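Each chain, written out:
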Amino acid sequence: MSKHSPPERLQKLLARAGLGSRREIEGWIAAGEVTVNGEPATLGMRAGLTDRIKHKGRLLSLNHARAQAPRVLAYHKPEGEVSTQRDPQGRPTVFQALPKGRWISIGRLDVNTLGLLLFTNDGELAHRLMHPSSELEREYAVRVRGELSEAQRTQLLEGVMLEDGAAKFASVEAGKAGEGVNHWYHVVLREGRKREVRRLWEAVGLTVSRLIRVRYGDVKLTRWLSAGKWEELDEAQVRGLYHAAGLDFPQPDAEHSQSGKRSRPVPKRHQTPRQRG
């Protein structure tokens, strides 16, 4: 993006710069934490790369917005890690395992849930993929105590009422054989409310004993990606996510592409997480 590009909505500009998800940045603005050229920011106001934008008095660098190449990481979250930047209880976070950089999680998994978690350096992409209007499929392998009856399966597919509204699975299929009273199923959701998979099963009288996210949109948790490790998606996969989000794939900044610098690193796989401090 050229520094002479026209202004755009402030929250979109900052999200695209990788400073946070659009929802998070909207919270900053609503709380009065952001100023533009010395004036308090408001939701919906427009700004550009030449404006002086501060968050809590700290000047934000928008160089990232000029030339960032879109990147997406797939991370295999182990049980026991939290999906926040920091945890008051001192538990390990998913961000500690990622390579250096500004990473925004595309959704979250609760501390007891394992599996696929995506991260990007483009907050606008994260916002679009998480928004309910995208109806992006999330697939989970679920182990429950007990066996699902046909009546319960019908309930889960037609919808049950939770405390925050009606919810349902797009599909429910039997999975691998379980042990004893445990049975595995594969379920698909088209939204991502908090603990929604667990709450849906509880609503029909069954308790989840293990939950693994195995797919987000067209991105699958690969068998070679072990827990606690990440891999970078290739350009075709990233383009697919932009298409699913209804966004144009960002073009490299002309000034940087002409400088001879590589626009993005070669995708990496099977990375070993950095040691936690």
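Here is a short report on the structure shown in this document. Keep in mind that this is a model prediction, so the values were computed, not measured.

Conventions and cut-offs
- Sequence order as written defines residue numbering, which begins from 1 separately in each chain.
- Totals for whole chains, interfaces and linings use every residue, but because this is a predicted model, local features are given only for residues with pLDDT of at least 70 and side-chain atom pairs only at 80 or more, for both listing and counting.
- Note: side-chain values were computed over all heavy atoms of the structure, leaving out hydrogens and water.
- In this text, helices come from DSSP runs of H or I with a minimum length of four residues, and strands from runs of E with a minimum of two, each type numbered from the N-terminal end.
- Each residue gets one of three labels from its accessible area relative to the maximum for its type: buried under 20%, exposed over 50%, partly exposed in between, using a 1.4 Å probe on protein chains only.
- The term salt bridge refers to a side-chain nitrogen of Lys or Arg lying within 4 Å of a carboxyl oxygen of Asp or Glu.
- In this tally, Lys and Arg are treated as positive and Asp and Glu as negative; His is ignored, and so are the chain termini.
- Should any heavy atoms of two residues lie within 4.5 Å, those residues are counted as being in contact.
- Paired rings are identified among Phe, Tyr and Trp, the last through its six-membered ring, by centres lying within 6.5 Å, and are further divided according to the angle between planes into stacked (under 30 degrees), edge-to-face (over 60) and tilted (the rest).
- Should the NZ of a Lys or the CZ of an Arg lie within 6 Å of a ring centre and within 35 degrees of the ring normal, that charge is described as sitting over the ring.

### Observations regarding unusual backbone geometry
Moving on, step 1. The phi dihedral of N37 is positive, around 55°, even though this residue is not glycine.
Moving on, step 2. Within the secondary structure layout, N37 lies in the loop between β2 (34-36) and β3 (39-40).
Moving on, step 3. Residue N37 is classed as partly exposed on the basis of its relative accessible area of 46%.
Moving on, step 4. Positive phi outside glycine occurs at K56, with the angle close to 55°.
Moving on, step 5. With respect to the helices, strands and loops of the structure, K56 is situated in the loop between β5 (53-55) and β6 (58-59).
Moving on, step 6. The exposure class assigned to K56 is exposed, which follows from its relative accessible area of 63%.

### Focus on the pattern of salt bridges
Moving on, step 1. A full pass over the atoms with the stated rule returns 17 salt bridges.
Moving on, step 2. Linking D110 and R198 is a salt bridge whose minimum nitrogen-to-oxygen distance equals 3.3 Å. Here D110 is found in the loop between β8 (104-106) and β9 (114-120), whereas its partner R198 is found in helix α6 (residues 196-203), with 88 residues between them in sequence.
Moving on, step 3. When its relative accessible area of 24% is taken as the criterion, D110 is described as partly exposed.

### Quick word on the side chain of K77
Moving on, step 1. Turning to its location among the elements, K77 is positioned in strand β7 (residues 72-77).
Moving on, step 2. Although buried, K77 forms no salt bridge, and the nearest oppositely charged side chain, D110, lies 5.9 Å from it.
Moving on, step 3. Leave out the neighbours within four places in its chain, and K77 touches S83, V94, L109, D110, V111, T113, L114 and G115.

### Focus on the packing of aromatic side chains
Moving on, step 1. Tallied over the full model, the rule gives 5 aromatic pairs.
Moving on, step 2. On the numbers, 6.2 Å between centres and 45° between planes, the contact of F169 with W201 is tilted. Of this pair, F169 sits in the loop between β12 (165-167) and β13 (171-174) while W201 sits in helix α6, and the two are 32 residues apart along the sequence. With respect to burial, F169 and W201 carry one shared label: buried.
Moving on, step 3. On the numbers, 5.5 Å between centres and 80° between planes, the contact of Y242 with F249 is edge-to-face. Taken individually, Y242 and F249 each receive the classification buried, so the pair is uniform in this respect.
Moving on, step 4. What links up through ring pairs into an aromatic cluster is the set Y75, F95 and F119.
Moving on, step 5. Its guanidinium or amino end placed over the ring of W184, K176 lies 4.7 Å from that ring's centre, counting from NZ or CZ.
Moving on, step 6. Above the ring of F249, the side-chain terminus of R239 is found at 4.0 Å from the ring centroid.

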